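# Coordinates in review
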Amino acid sequence: METTSRVTGQSPQGVPEGAKATPEGVPAARRTVDGFLRAPFPWYGLDEAFTGPRWLMQVALAADGTVQHGSIGHGDEPSIRPDAAGATADRERFAVVVSIPANPVRRSGDGTGVLEATSVSSAAWLAGSGLLSFTWPAQMDHVLRGDWLDQQTETAWELADDLDGSDWSTLSLPVDGEPTDFHYRESEFGWVLAGSAQNGVHLGAYGRGLSAYGLGFSVVKDIASYE
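Basis of the calculations
Residues numbered from 1 in each chain as written. Predicted model: local features only at pLDDT ≥ 70, side-chain atom pairs only at ≥ 80, totals over all residues. Heavy atoms only, no water. Patch = residues over 30% accessible without salt bridge, like charges linked within 9 Å, V, L, I, M, F, W, Y side chains within 5 Å. Areas by Shrake-Rupley, 256 points an atom, 1.4 Å probe, with all protein chains shown as cover. Salt bridge = Lys/Arg side-chain N within 4 Å of Asp/Glu carboxyl O. Lys, Arg positive; Asp, Glu negative; His and termini not counted. Charge placed at Lys NZ, Arg CZ, Asp CG, Glu CD. Helix = DSSP H or I, 4+ residues; strand = E, 2+ residues; numbered from the N terminus. Expected span 1.5 Å × (residues − 1). Buried < 20%, exposed > 50% of the residue type's maximum accessible area, 1.4 Å probe, protein only. Polar contact = N/O pair within 3.5 Å; in protein donor to acceptor, adjacent residues only side chain to side chain.

### Remarks on a negative patch on the surface
- Negative charge collects at one region of the surface, where Glu158, Asp161, Asp162, Asp164 and Asp167 lie side by side.
- Within the element layout of this structure, Asp164 appears in the loop between α4 (142-160) and β7 (169-175).

Okay, here's the thing in structure tokens:
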């Protein structure tokens, strides 16, 4: 991840602020297809082998309105703040796919600054923090919840910044029909993976209840069908 500093509880530099996990786990602009239609890059989802429900989640916008990344869901819509060890979480079967364009270091839209490059690590961070938004323990009091989320978010960032570390393994999955290597890890909360498509898009994914080993990814032909 092309980043130079880290502030606890915030997204790493080079990853848009809109990527930050929220304690409530409620995505912004949910179920609104307009933002997805404005993206200058293709959206990815699970391929046609997945026959379950599909639904929109969120897009993140830059200050000039440019779409920076977004995510779409598959399967059961996860409950807000389930206890990861509880019966609700055990019943949920979902997978979320995050699409983020591969960009070099570039000028910001208003010309006043520089935006850092995006990478597979950026996709891993978005996926890891996304999983946290649906898994933080609901039984904690509010003070402990904040401490827990800060700690887990920091861990997710560190893991995303070290994709060659021992916490990650390699998993080959089809992307547009082509075998593609992904960085993959599991935790008590679910699984996270990150890799790249061949058309300039980095992919992140996270889920629970659905095995990542049987998944495949492809360009979404009609994003409005997810609405």
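Having seen it, we continue.
### Here we look at helix α3 (residues 120-132)
- The end-to-end C-alpha distance of α3 is 19 Å, a good match for the 18 Å that 13 residues give at a rise of 1.5 Å each.
- With 13 of its 13 residues buried, α3 lies for the most part within the structure.
- N-cap assignment for α3: the residue whose side-chain oxygen lies 3.2 Å from the backbone N of Ser121 is Ser119.

### Some remarks on the pattern of salt bridges
- Under the counting rule described, the total for this entry stands at one salt bridge.
- Salt-bridge contacts for Glu92 lead to Arg208; the nearest nitrogen and oxygen are separated by 2.6 Å. Of this pair, Glu92 sits in the loop between α2 (87-91) and β4 (94-101) while Arg208 sits in strand β10 (residues 201-208); the two residues are 116 residues apart in sequence, bridging distant segments of the chain.
- With relative accessibility at 6%, the residue Glu92 sits in the buried group.

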